[in-house]
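What the coordinates show
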Amino acid sequence: MTTEKLYGFIGDVRGNEENLVAMDAVSVDGDAFTRYPAGVGVAPTELSNRDLPYVIRVEHAARLGWRQGDIVWFIGPALAARIQESVEAKSFLGEAMATSDGYFLRAGTAADFRRVRDTYAELLSVAFRLHLIDSEAVVSEAATKAWKLFAAFDSFPTKRRSINAALYYYEVARDQTRYRRARTRAVQNGAFESVDAFDEEYKQTVAFLQSPRLCEVVAESRTRMAMDPHRSAWVADAPTIRELERGTDFKHMIPAGLILALTAENGFFPGVSNLKPNAFQHNYVTQAPSLDKHGTFVTRNDVSSLSEHERHD
Amino acid sequence: MTLATVQIPVADLLPWVQGLPFPQAANEHRMSWEELLLRRLEGRLNDIKQGANTARAEKALGFDPMVYFYVGRCVPAFGKHAFASRPVACDPRTTPFDTGALVSSERFIVTDPPVTDVPAFVSANSYVGQDYVLPMSSWLQAAYDDPISYVDGMRPTIAAVATVDLDLCPPEADERVWAWETRIPKRDYDPRPLAVEQVFFLEGERELYLDWVEVTELLDEQERDSHIAFIYEHGREVPDVALAMLDYMKKGLG
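As a starting point, this report considers the structure included with it.

1. Some thoughts on the environment of B:R224
Mapped onto the elements, B:R224 comes out in helix α9 (residues 221-234). Linking B:R224 and B:A142, residues 82 residues apart in sequence, is a C-alpha distance of 46 Å. Excluding residues within four positions of it along the chain, B:R224 makes contact with A:R178, A:R181, B:V213, B:E214, B:V215, B:T216 and B:L219. There is a polar contact of 2.7 Å between the side chain of B:R224 and the backbone oxygen of B:T216.

This is the structure we're talking about:
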């Protein structure tokens, strides 16, 4: 039986207050220390005593459930506060351990870190974009919070991040300089082949977000939410979903939008109480991800049987 | 008529390397890793606070505050960011050992006869400007079958300083005994003191750095555009910074 256990982690704390980053894990077994690098596919190395002063000890490390090969997921204190306020991301902290320094830690593999953060990034991207439709959200800083939360989870130079950055600077911050820079960055970082290609996708996204029916749905859900504080935003009925799907190339946004709603209603993310798998998971989730009973993210591709009855199952 | 092949001294192929030995670097410097990296890349070195160990060593060595690099060596404990550069507008001093190790309590560097006047010893073994290139190249060829072994951190067969006795150095003595250190005064430079060739970020951290660059008040809008373009041109995300830097230097050696 191995006696190897988590000793601490290596990485920068200062400067990562708003970030979600992977840290090298350091384990101890007797007097032997091993470093498990944060990068995907990098082999562990022995850590010399000379390097121990660089290791940040983790108090109560056993609580993290670290297993051999795991790295440490670091959630900065400012980001953790944002996550706690977020319906979409709250479950991410469910398995995390708070530290006395204000940051949170989770243990998991480097590959899982990338996969899980990307899954949340997709949800948070939808949440951010739907906030743009809601003028109240833009004015109340909710859209700004949604952008910052999304940007922390999606830290790779993706098309999604590039478009969202431009949307944020143009639609929310009203900052032309940064909007222009977001366009330039989108090409410099390789997410888009050209500014023209970026502009085309940006234009399509804005057109979708401005489509009258989608705006109506958001407005209706806001009214419903005001009447029922337990209901989250952006719940649409089945015919509306189908109608929206027919009219857009951005189909993935619709079911993911539903997830936002049902995350709060049915709590099927880990860390959220009242876990209740239901027909929604089997029928309504298309390209958007959900979690199976093992905590693994899965996707489904069938929304055809969506019905009002099942939605409320 | 045959054209003579121009031999580039091997040490000239080795960049100056600096990383962030995590995480105390940022804590001791009392600034975020993003600001520390920006200041190092842009040559705005004056406001970087020295760590306690460095300040102690500089006092013992009689140095003014300096910024330190290894020539062609990247220690595996490097953090999530490291960069390779070459001097262009600075006045470096280079020694064939880590000067900090000379005054550390570990006593890794053993000489025969023992050093009695540390500042004088360092001064006598320091090269000005690019003067280190030829002696370092000669030493690399004498001390290793292949200079790549130096980049890999292997122990040499002979020390570059005649009075350093490798056999007397303790078994736990590491590359600080033989890695070539170069240093420049810690001040703000204009133009930049170094031409940065390559910056390595741990995967997923380049955009985070640039998000910070996007809002920092240390840069005006023109400088911001320029720095962002520079990072996209020279900055690469990798799964392991130290391994990537080693690979980069080995390729440079051919």
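There is more to say after this.
2. Details of the pattern of salt bridges
This model, assessed by the stated rule, comprises 35 salt bridges over all chains. A salt bridge links B:E214 to A:R178; its shortest N-O distance comes to 3.5 Å. Of this pair, B:E214 sits in helix α8 (residues 206-215) while A:R178 sits in helix α6 (residues 176-188), which puts the two residues in different chains. Exposure remark for B:E214: the relative accessible area of 1% places this residue in the buried category. Residue B:E214 is joined to A:R185 by a salt bridge in which the shortest nitrogen-to-oxygen separation is 3.0 Å. In this pair, B:E214 sits in helix α8 while A:R185 sits in helix α6, so the two residues belong to two different chains.

3. Structural notes on helix α3 (residues 52-61) of chain B
Given 3.6 residues per helical turn, the α-helix brings residues three or four places apart onto the same face. Residue and element names in this part refer to chain B. The complete set of buried residues in α3 reads A57, E58 and L61. Axial view of α3: buried residues confined to an arc of 100°, hence all on one face. Pointing more than 90 degrees away from the buried face of α3 are the exposed residues R56 and K59. Buried residues along α3 sit against β2 (66-71), α4 (99-103) and α5 (118-124). A positive backbone phi angle near 75° is found at G62, which sits one or two residues after α3.

4. Topic: the environment of B:H227
Residues and elements named next belong to chain B. Looking at the secondary structure, you find H227 in helix α9. In sequence terms H227 and M31 are 196 residues apart; their C-alpha atoms lie 19 Å from each other. Those residues in contact with H227 that lie beyond four places of it in its chain are L38, L41, E42, Y209, V213 and L219. There is a polar contact of 2.6 Å between the side chain of H227 and the side chain of E42.

5. A look at the interface of chain A and chain B
The partner chain B presents 40 residues to the 36 residues of chain A that form the contact. Buried area between chain A and chain B, both sides added, is near 3300 Å², and the carbon and sulfur share of it is 48%. Where chain A meets chain B, there are 11 salt bridges. A salt bridge links A:R35 to B:D240, with the shortest nitrogen-to-oxygen separation between them at 3.5 Å. Joining chain A to chain B, the criterion identifies 16 residue pairs in polar contact (both at pLDDT 80 or more). Within the residue set of the side of chain A that touches chain B, elements represented by two or more residues are β2 (20-29), α5 (159-172) and α6 of chain A. Of the residues in the side of chain A that touches chain B, the class split is 16 nonpolar, nine polar and 11 charged.

6. Details of the packing of helix α2 (residues 110-133) of chain A against α5(A)
Pairs of packed helices are described in terms of their axes, by the angle between the two and the distance that separates them. Residue and element names in this part refer to chain A. Direction vectors running N to C along α2 and α5 enclose 25°, while the axes themselves pass 11 Å from each other. Regarding the angle of α2 to α5, the classification is roughly parallel. Of the two elements, α2 crosses α5, and the hand of that crossing is left-handed. Of the residues in α5, those in contact with D118, A121, E122, S125, F128, R129 and L132 of α2 are R160, I163, N164, L167, Y168, E171 and V172. Taken together, the residues of the contact of α2 with α5 break down into seven nonpolar, two polar and five charged.

7. Topic: the pairing of strand β1 (residues 5-10) of chain A
All names here are of chain A. Of all six residues making up β1, five are buried, and the element is well covered by its neighbours. As defined by bridge partners, β1 adjoins β2 across five bridges and the pair is classed as antiparallel. Each residue of the ladder has a partner; that of L6, found in β2, is S27. Strand direction decides the pairing type here: β1 and strand β5 (residues 56-57), joined by two bridges, are antiparallel. Across the sheet, residue G8 finds its bridge partner in β5, namely R57.

Rules used throughout
Residues numbered from 1 in each chain as written. Chains lettered and ligands numbered in written order. Predicted model: local features only at pLDDT ≥ 70, side-chain atom pairs only at ≥ 80, totals over all residues. Heavy atoms only, no water. Helix = DSSP H or I, 4+ residues; strand = E, 2+ residues; numbered from the N terminus. Contact = heavy atoms within 4.5 Å. Polar contact = N/O pair within 3.5 Å; in protein donor to acceptor, adjacent residues only side chain to side chain. Salt bridge = Lys/Arg side-chain N within 4 Å of Asp/Glu carboxyl O. Buried < 20%, exposed > 50% of the residue type's maximum accessible area, 1.4 Å probe, protein only. Arc of directions from axis to C-beta. Buried area = accessible area lost by both parts, 1.4 Å probe. Nonpolar A, V, L, I, M, F, W, Y, C, P; charged D, E, K, R; others polar. Axes fitted to C-alpha atoms, helices over the stretch in contact; angles between N-to-C directions. Parallel < 35°, antiparallel > 145°, perpendicular 65-115°, else oblique. Left-handed = near helix turned anticlockwise from the far one by under 90°. Pairing = 2+ DSSP bridges.

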